[in-house]
Protein chains: 2
Amino acid sequence: MLFSRTTIPVDLGLGVTAPRGFRASGIAAGIKPDRKDLAVVINDGPDVVSAEVLTQNRVFAAPIRWMKETAGTARKAVILNSGGANASTGEKGYQDTVKTAQVVAAKLGTELESVAVCSTGMIGERLPMERLIPGAELAITKLSDDGGADAAHAIMTTDTRAKQAGIAGEYTIGSMAKGAGMLAPGMATMLCVVTTDAVLTEAEARHALELATTYSFNRIDSDGAMSTNDTVILMASGASGVTPKDFPRDLTAVMQSLARQLIGDAEGASHDVLIRVLGASSENAGLAVARAVSRSNLLKAAIFGNDPNWGRVIAQAGTVPAEVAPFDPDKIDVWFNGIHVCRAGGVGEDRSRVDLAANRDVTIEIDLHAGTEIVELWTNDLTHDYVHENSAYSS
Amino acid sequence: MLFSRTTIPVDLGLGVTAPRGFRASGIAAGIKPDRKDLAVVINDGPDVVSAEVLTQNRVFAAPIRWMKETAGTARKAVILNSGGANASTGEKGYQDTVKTAQVVAAKLGTELESVAVCSTGMIGERLPMERLIPGAELAITKLSDDGGADAAHAIMTTDTRAKQAGIAGEYTIGSMAKGAGMLAPGMATMLCVVTTDAVLTEAEARHALELATTYSFNRIDSDGAMSTNDTVILMASGASGVTPKDFPRDLTAVMQSLARQLIGDAEGASHDVLIRVLGASSENAGLAVARAVSRSNLLKAAIFGNDPNWGRVIAQAGTVPAEVAPFDPDKIDVWFNGIHVCRAGGVGEDRSRVDLAANRDVTIEIDLHAGTEIVELWTNDLTHDYVHENSAYSS
């Protein structure tokens, strides 16, 4: 399930209302000044099947508590707001989430527990419920079968563009996501809703979502942060009548496209960096090395400076304990954009042959010569703009 | 052994030649243009006792290989160069290190294995031996009992000032260190030589150095990087004739001063940040939380922007697994410079009361309410200058 080996064509125009059986809307509730900030997505069936993956952060927001407490219920609707994470807001913040779900459930005439709630934005501030509740009511009146793009816009925070991806064929997958800052392991700071009109059992949906998350959002690591609000929801309507042959593969392709879009729009980044570890003794070993390399501020700053600093790559690989990733440091090879700059742990081809300035994308390949596993992880460089955006913006 | 509870006064004027029985020199060998780049420190006895701590990075430089292969030999002399790390230089680079030790041993008429070698600078380039060897010979002719300050200057890389610290009393401790970039766990990118005229056994020296390293260099984490060359050497001459009562305590105070100086001169930093975790269930639990918080680029950028962003503190604490650091996220308290900005996991005092712009030093206290352990860790903020220095300088 490597990013580089996904050959299924993905259509970035297919949002959450592309599959049959879904309506959505995105409106300006006034949570943020002068822009869309509230989205609703509903599954009109005939099936109501869903699966979800939540942040692994132990410090989680009120909507995550709601999702945990109502876990196991198939989600009929999702309401998502930007402009406030509703995190560290205590019992009152939690009651705001419950109230939001109640309003949606009442309007749609559905069970309370079937309403998923997602929030993103600042930590430590209550949501403006006097604007959110009328907004939720308005959003429900605006639901339509071409509202996907509006919804995708309403969940943006520091994103510079809306993110959608889908596949259309015998059955259709559509999706939307927001990311920007705090893209991290065990999930990016992100909200993602994937819809499909495929016929899926609950177990199939859960299995596919877990697999696809592992090889998409859990293979990007922009700045090592893990948010309090991360949520990925998959909803299946069955409206196509088609039972897919390889749904996990298709879902992974869609979610890899979203993950790639998140990295491509990460706060302040000027390079997207694909770290490919080859010759790892196991997937975990390769991932540990890739993550260690992706966390090096020294390397990330060098890439910003268009410097193929392979010394910082192998120094970082060397911080991974031998019991986690066995390899012989004297055998490591490193390539920057295909130029073999480090050969057997020492100097290889002339690093001046590497031109990092030419493209936004950079590929760093590290061959550990310790096995046959290959792992890919996307990260970003560390730039002045990253420092600026995150020193000026309170989130 | 908390930084904040060390009450032993340390004198920053006491270098490696402050204790009796030591000579040193620092000269310009031409490895770097127009500045001192080579230092030698020798122990004239009567005792020749030493201990050392080396980088835990599996990718290590030629001089580290030398130190490992000759481990167990008491060090009579140390030769240190800046201007080149002699890392990733293969067997030829290793032979350069051996040659360097040979020249020193021959000149001093001492055993080859008693010569310690340290290098710092760029990775992946051979040292200019045609300049280093004559330089080493020159440095030995220049050895004097007040050469400590010259030696401290010769080992600087991107350091903006030389670092020394010592204690004088019945017996004396002196030291020098260099740091600047890559300050990290399991040691900073640093070279450090500590000398003393105390009477110590080899076991006492080793025990004291391990303890002091744990509570000094292993309690600073500037950018999460761990270098290929880190070396701390303690040498004892016994020339005072005094057997100390509590040498580990005194050594820790000296090395904490050096560690604090390294953080205060870290590349591009504008704030030094003391992270104090209180109420931890164990030292490891507290350290895991402190390290997680110290690694948050989001938090570090916020501090650069003088923003007391406690949401980023608790979000980062929440990434530590419960089995490593048990605590209840709804009980966490956070203070920035004594202002109780987060109370019981939620909003506390008004964050606008915190003025981070007033001082370089920032104190973040995190009470986990899960036990009685206290852990302190120093880190830095993430600044434009950090990005600039590390994107422009190849090391």
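Computed from a predicted model, the values in this text were never measured in an experiment.

**Structural notes on the interface of chain A and chain B**
Right, so step 1: Taken together, the 51 residues of chain A in the interface contact 51 residues of chain B.
Right, so step 2: Regarding the contact of chain A and chain B, the summed buried area is about 4000 Å², with carbon and sulfur atoms giving 55% of it.
Right, so step 3: The tally of links between chain A and chain B comes to zero salt bridges.
Right, so step 4: For the pair chain A and chain B, the interface holds 14 residue pairs in polar contact (both at pLDDT 80 or more).
Right, so step 5: Within the residue set of the side of chain A that touches chain B, elements represented by two or more residues are α8 (297-304), α9 (310-317), β14 (346-347) and α10 (384-392) of chain A.
Right, so step 6: The residue inventory of the side of chain A that touches chain B, partitioned by class, reads 24 nonpolar, 22 polar and five charged.

**Structural notes on the environment of B:Val104**
Residues and elements named next belong to chain B.
Right, so step 1: With respect to the element layout, Val104 can be found in helix α2 (residues 90-108).
Right, so step 2: Looking at Val104, the relative accessible area reads 0%, which means it is buried.
Right, so step 3: Residues Val104 and Glu137, spaced 33 residues apart in sequence, show a C-alpha to C-alpha distance of 7.3 Å.
Right, so step 4: For Val104, the residues in contact, after removing those within four places along its chain, are Ala77, Ile79, Val115 and Ile140.

**With respect to the packing of aromatic side chains**
Aromatic ring pairs are described here by two measures, namely the spacing of the ring centres and the angle between the planes.
Residue and element names in this part refer to chain A.
Right, so step 1: Counted according to the given criterion, the structure contains four aromatic pairs over all chains.
Right, so step 2: Relative to Phe247, the ring of Tyr171 has its centre 6.1 Å away and its plane inclined at 45 degrees; by these criteria the two rings are tilted. Within this pair, whereas Tyr171 is found in the loop between β7 (167-168) and β8 (172-178), its partner Phe247 is found in helix α6 (residues 247-264), the two being separated by 76 residues in sequence.
Right, so step 3: Relative accessible area serves as the criterion here: at 10%, Tyr171 is assigned to the buried category.
Right, so step 4: The aromatic ring of Tyr94 is capped on one face by Arg65, whose charged end is 3.6 Å from the ring centroid.

**Focus: the relation of the copies chain A and chain B**
The relation between the two chain copies is a rotation about an axis coupled with a shift along that axis.
Right, so step 1: Here chain A sits on chain B after a turn of 180 degrees about the axis and a move of 0.0 Å along it, with an RMSD of 0.0 Å. Here the symmetry operator amounts to a two-fold rotation axis. Of every C-alpha in chain A, the one belonging to A:His384 sits nearest the axis of rotation, 2.7 Å from it.
Right, so step 2: When the interface residues of chain A are mapped onto chain B, 100% of them again fall at the interface, so both copies present the same face.

**Section: the state of the cysteines**
Right, so step 1: On inspection of all chains with the given rule, the structure shows zero disulfides over all chains.
Right, so step 2: Here A:Cys192 is not disulfide-linked; the sulfur of A:Cys118 is the nearest cysteine sulfur, at 9.7 Å.

**Notes on helix α2 (residues 90-108) of chain A**
Residue and element names in this part refer to chain A.
Right, so step 1: Helix length check: α2, at 19 residues, gives a terminal C-alpha distance of 28 Å against a target of 27 Å (1.5 Å per residue), a fit within 8%.
Right, so step 2: Along α2, the residues classified as buried are Gly93, Tyr94, Asp96, Thr97, Val98, Thr100, Ala101, Val103, Val104 and Ala105.
Right, so step 3: Structurally, α2 contributes buried residues whose contacts are with α1 (62-69), β4 (77-81), β5 (115-119) and α3 (129-141).
Right, so step 4: Of the residues one or two after α2, Gly109 is the one with positive phi, at around 65 degrees.

**Examining the sheet that holds strand β11 (residues 272-280) of chain A**
Residue and element names in this part refer to chain A.
Right, so step 1: Taken in spatial order, the six strands line up as β14-β13-β12-β15-β11-β16 in an open sheet, and their pairing is mixed. The outermost strands of the open sheet, each flanked by one partner alone, are β14 and β16 (373-380).
Right, so step 2: Looking at chain direction, β11 and β16 are connected through seven bridges and run antiparallel. Paired with Val273 across the bridge in β16 is Thr379.
Right, so step 3: Across the sheet, α9 is in contact with β12 (333-336), β13 (339-343), β14 and β15 (361-367); its angle to β12 comes to roughly 135 degrees.

Calculation criteria
Residue positions are given per chain, counted from 1 along the sequence in the order it is written. Throughout, the order in which chains and ligands are written sets their labels, letters from A for the former and numbers from 1 for the latter. Per-residue local features of the predicted model are confined to residues with pLDDT of at least 70, and side-chain atom pairs are confined, for both listing and counting, to 80 or more; whole-chain, interface and lining totals are unaffected and use all residues. The basis for the side-chain values is all heavy atoms of the structure; hydrogens and waters are excluded. Here, two residues are considered to be in contact whenever any of their heavy atoms come within 4.5 Å of each other. In this description, buried area is defined as the sum, over both parts, of the accessible area (probe of 1.4 Å) that is lost when the two are combined. The rule for a salt bridge is simple: a side-chain nitrogen of Lys or Arg has to be within 4 Å of a carboxyl oxygen of Asp or Glu. Two N or O atoms form a polar contact when they lie within 3.5 Å of each other; inside protein one atom must be a possible hydrogen donor and the other a possible acceptor, and for residues adjacent in sequence the pair counts only when both atoms belong to side chains. Labels follow the DSSP assignment, with helices taken as runs of H or I lasting at least four residues and strands as runs of E lasting at least two, numbered in each case from the N terminus. When residues are sorted by character, Ala, Val, Leu, Ile, Met, Phe, Trp, Tyr, Cys and Pro go into the nonpolar class, Asp, Glu, Lys and Arg into the charged class, and all the rest, Gly among them, into the polar class. Between buried and exposed lies partly exposed: a residue is buried under 20% and exposed over 50% of the maximum accessible area for its type, with that area taken using a 1.4 Å probe on protein chains only. Between the rings of Phe, Tyr and Trp (Trp by its six-membered ring), a pair exists once the centres lie within 6.5 Å; its type follows the angle of the planes, with under 30 degrees stacked, over 60 edge-to-face, and the other angles tilted. We call a charge positioned over a ring when the NZ of a Lys or the CZ of an Arg lies within 6 Å of the ring centre and within 35 degrees of the ring normal. Our superposition of the copies is a least-squares fit, built on the C-alpha atoms of residues whose pLDDT is at least 70 in both. We call a pair of cysteine sulfur atoms a disulfide when they lie within 2.5 Å. A helix's residues, less one, multiplied by 1.5 Å, set its expected span. By definition, two strands form a pair when at least two bridges between them are found by DSSP. All axes are obtained by fitting lines to C-alpha atoms, using only the stretch in contact for helices, and the reported angles, taken between N-to-C directions, cover 0 to 180 degrees.

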